[in-house]
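The residues making up each chain are set out below.
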Amino acid sequence: MSRKNHKVVDGRLLQTDKKYSHLKLKQKEKIYAWMFEETKHYHDKNGRCPDKKEEDAVIVNAVYDRIEKAEIWIPYGEVLKHYRSIKVKLCRRIRSGADAGGKIHNQHPNQRVKFMNMCMISDGQGRVAALDKVNGNYQGTTFPGGHVERDETFTESVIREVSEETGLVIENPKLCGIYHWFMDSVHQIVYIYLAEKYTGQLQSSAEGQVYWIPEADFLKKELAPGMDAVVELIHEDRFSECYLWNEEGCWKKRLL
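Being a predicted model, the structure only gives us computed values, none of them experimental. (Residues numbered from 1 in each chain as written. Predicted model: local features only at pLDDT ≥ 70, side-chain atom pairs only at ≥ 80, totals over all residues. Heavy atoms only, no water.)

Visitor: Before we go on, may I ask you to explain the overall build of the chain in this structure?
Guide: In terms of helices and strands, the chain carries six helices and 13 strands. Taken over 256 residues, the chain has a buried fraction of 41%. Sequence separation of 24 or more characterises 61% of the internal contacts of the chain that already satisfy a separation of 6 or more. (Helix = DSSP H or I, 4+ residues; strand = E, 2+ residues; numbered from the N terminus. Buried < 20%, exposed > 50% of the residue type's maximum accessible area, 1.4 Å probe, protein only. Contact = heavy atoms within 4.5 Å.)

Below you can see the structure in the form of structure tokens.
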């Protein structure tokens, strides 16, 4: 056996040009888990993921110590190269609150959050302002609403969104509850409002046609997903929160 690409360590002849791809699957899985753990430890301690070469080295040194204790032979340079190739993926999972296997943990302190709103506007005569949504993935009959922008309060946001989508300027919108779920590693949170005072006349927008409709008839429309729970949050004082989760491809809800 040629020793050109080998060295003797503790009586063992080890291949110095061994590639990371040559490792067994179980060895790769162990190293990935160690890389995740050490990166997460760094993130939790420093409030961010590593972004400098010397910071990468700190993590890889800790991982390599564990590799050596497990008596897995792979050159240090191969471990460093592999870590840098997967670091972006690791950090994305850590920031989203996922574990090494990709499972999301809802309580992660640094999870990404998207704030939205929706408002039922009542005319005091049993009618509500309906919006036939036509843009984006969320379609069907719904109430006006949208996203909270930067440097905007939740109340300011719902007033602005209603004005943009209906032409009405609502006054003193009442917060009735929250409706939330996780999607694409983002905690999606919708604040649900009721407005009974407003000025202006209904005007449709690019978001879809808006019109007054008796609430009983509204509920018979082809509603956008989740609108039944939104109406319950508005009318039922015993509920203030609706949480959705996906179980085997099927969305389920819980009212609290």
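Continuing now.
Visitor: Explanation requested: the packing of helix α1 (residues 25–46) against helix α3 (residues 76–96) in the structure shown.
Guide: Packed helix pairs are characterised by how far apart their axes lie and by the angle those axes make with each other. Between α1 and α3, the shortest axis-to-axis distance is 10 Å and the interhelical angle comes to 60°. Relative to α3, the element α1 is oriented oblique. Two packed elements cross with a definite hand, and for α1 against α3 that hand is right-handed. Facing Y32, M35, F36, T39, K40 and H43 of α1, the residues of α3 in contact are V79, H82, Y83, I86, K89, L90, C91, R93, I94 and R95. By residue class, the composition of the contact of α1 with α3 is nine nonpolar, three polar and four charged. (Axes fitted to C-alpha atoms, helices over the stretch in contact; angles between N-to-C directions. Parallel < 35°, antiparallel > 145°, perpendicular 65-115°, else oblique. Left-handed = near helix turned anticlockwise from the far one by under 90°. Nonpolar A, V, L, I, M, F, W, Y, C, P; charged D, E, K, R; others polar.)

Visitor: Would you take a moment to explain the packing of helix α2 (residues 53–69) against α3 for this structure?
Guide: Contact geometry of α2 with α3 gives a least axis separation of 10 Å together with a crossing angle of 120°. Put simply, α2 runs oblique to α3. The way α2 lies across α3 gives a crossing that is right-handed. In this structure, α2 contributes K53, D56, A57, I59, V60, N61, V63, Y64 and I67 to the contact, and α3 contributes Y76, V79, L80, Y83, R84 and K87. Taken together, the residues of the contact of α2 with α3 break down into 10 nonpolar, one polar and four charged.

Visitor: Before we go on, may I ask you to explain α3 in this structure?
Guide: Given 3.6 residues to a turn, an α-helix orients residues that are three or four positions apart in the same direction. With 21 residues, α3 extends 29 Å between its outermost C-alpha atoms, agreeing within 8% with the 30 Å of an ideal straight helix rising 1.5 Å per residue. Of all the bends in α3, the largest measures some 50° and sits at I86. What α3 keeps buried is the set E78, V79, L80, Y83, I86, K87, L90, C91, I94 and S96. At its buried positions, α3 is contacted by α1 and α2. G97 sits one or two residues past α3 and shows a positive phi near 90°. (Expected span 1.5 Å × (residues − 1). Bend = angle between axes of the 7 residues up to and from the residue.)

Visitor: Looking at this model, I keep getting lost on the side chain of K87. Mind explaining?
Guide: Looking at the element boundaries, K87 is found in helix α3. A polar contact is formed between the side chain of K87 and the side chain of D56, at a distance of 3.1 Å. In contact with K87, not counting residues within four places along its chain, are P50, D51 and D56. (Polar contact = N/O pair within 3.5 Å; in protein donor to acceptor, adjacent residues only side chain to side chain.)

Visitor: Explanation requested: the sheet that holds strand β12 (residues 241–247) in the structure shown.
Guide: Within a sheet, adjacent strands bond to each other through the backbone by hydrogen bonds, running parallel or antiparallel. Reading across the sheet, the six strands line up as β6-β3-β9-β8-β12-β13 and stay open at both edges, with mixed pairing between neighbours. Every other strand in the sheet has two partners, leaving β6 (145–147) and β13 (250–255) as the edge strands with one partner each. Across the sheet, the mean angle from the axis of one strand to that of its neighbour is 20°, orientation sign disregarded. Helix α4 (residues 154–166) rests against β3 (112–121), β6 and β9 (186–195) of the sheet, and its axis sits at about 55° to β3. (Pairing = 2+ DSSP bridges.)

Visitor: Any chance you could explain the sheet that holds strand β11 (residues 208–214) here in plain terms?
Guide: Pairing within the open sheet is antiparallel, and its three strands lie in the order β5-β4-β11. Edge strands, defined here as strands with exactly one partner in the open sheet, are β5 (140–142) and β11. Put simply, the sheet's adjacent strands are angled 30° from each other on average, direction ignored. Sheet analysis places strand β4 (residues 127–133) next to β5, joined by three bridges and oriented antiparallel. When the bridges of β5 are listed, K133 appears paired with G140.

Visitor: Is there a simple way to think about the pattern of salt bridges in this case?
Guide: Pairs can form between side chains of opposite charge whenever their charged atoms are close. Counted according to the given criterion, the structure contains 16 salt bridges. Across the pair E37 and R66 runs a salt bridge whose closest N-O atoms are separated by 2.7 Å. Of this pair, E37 sits in helix α1 while R66 sits in helix α2, placing them 29 residues apart in sequence. A salt bridge links D228 to K253, with the nearest nitrogen and oxygen atoms 2.8 Å apart. (Salt bridge = Lys/Arg side-chain N within 4 Å of Asp/Glu carboxyl O.)

Visitor: Before we go on, may I ask you to explain the confidence of the model for the chain in this structure?
Guide: Interpretation of this model should avoid reading the predicted coordinates in detail wherever pLDDT is low. Per-chain confidence: the chain averages 87 in pLDDT, with 87% of residues scoring 70 or above. Mean pLDDT in the chain bottoms out at strand β2 (residues 12–15), which sits at 53, and peaks at strand β7 (residues 169–171), which reaches 98. (pLDDT = per-residue confidence, 0-100.)

Visitor: So what exactly am I meant to see when it comes to the pairing of strand β8 (residues 174–183) here?
Guide: Strand residues, when the strand is regular, have side chains that alternate between the two faces of the sheet. Bridging between β8 and β9 involves nine bridges; their strand directions are antiparallel. In the sheet register, F182 faces β9, and the bridge partner there is H187. The antiparallel hairpin formed by β8 and β9 contains two residues in its connecting segment, where D184 sits at a positive phi of about 55°. In the sheet, β8 pairs with β12 via three bridges, with the strands oriented parallel. The partner of H180 across the bridge, within β12, is Y243.

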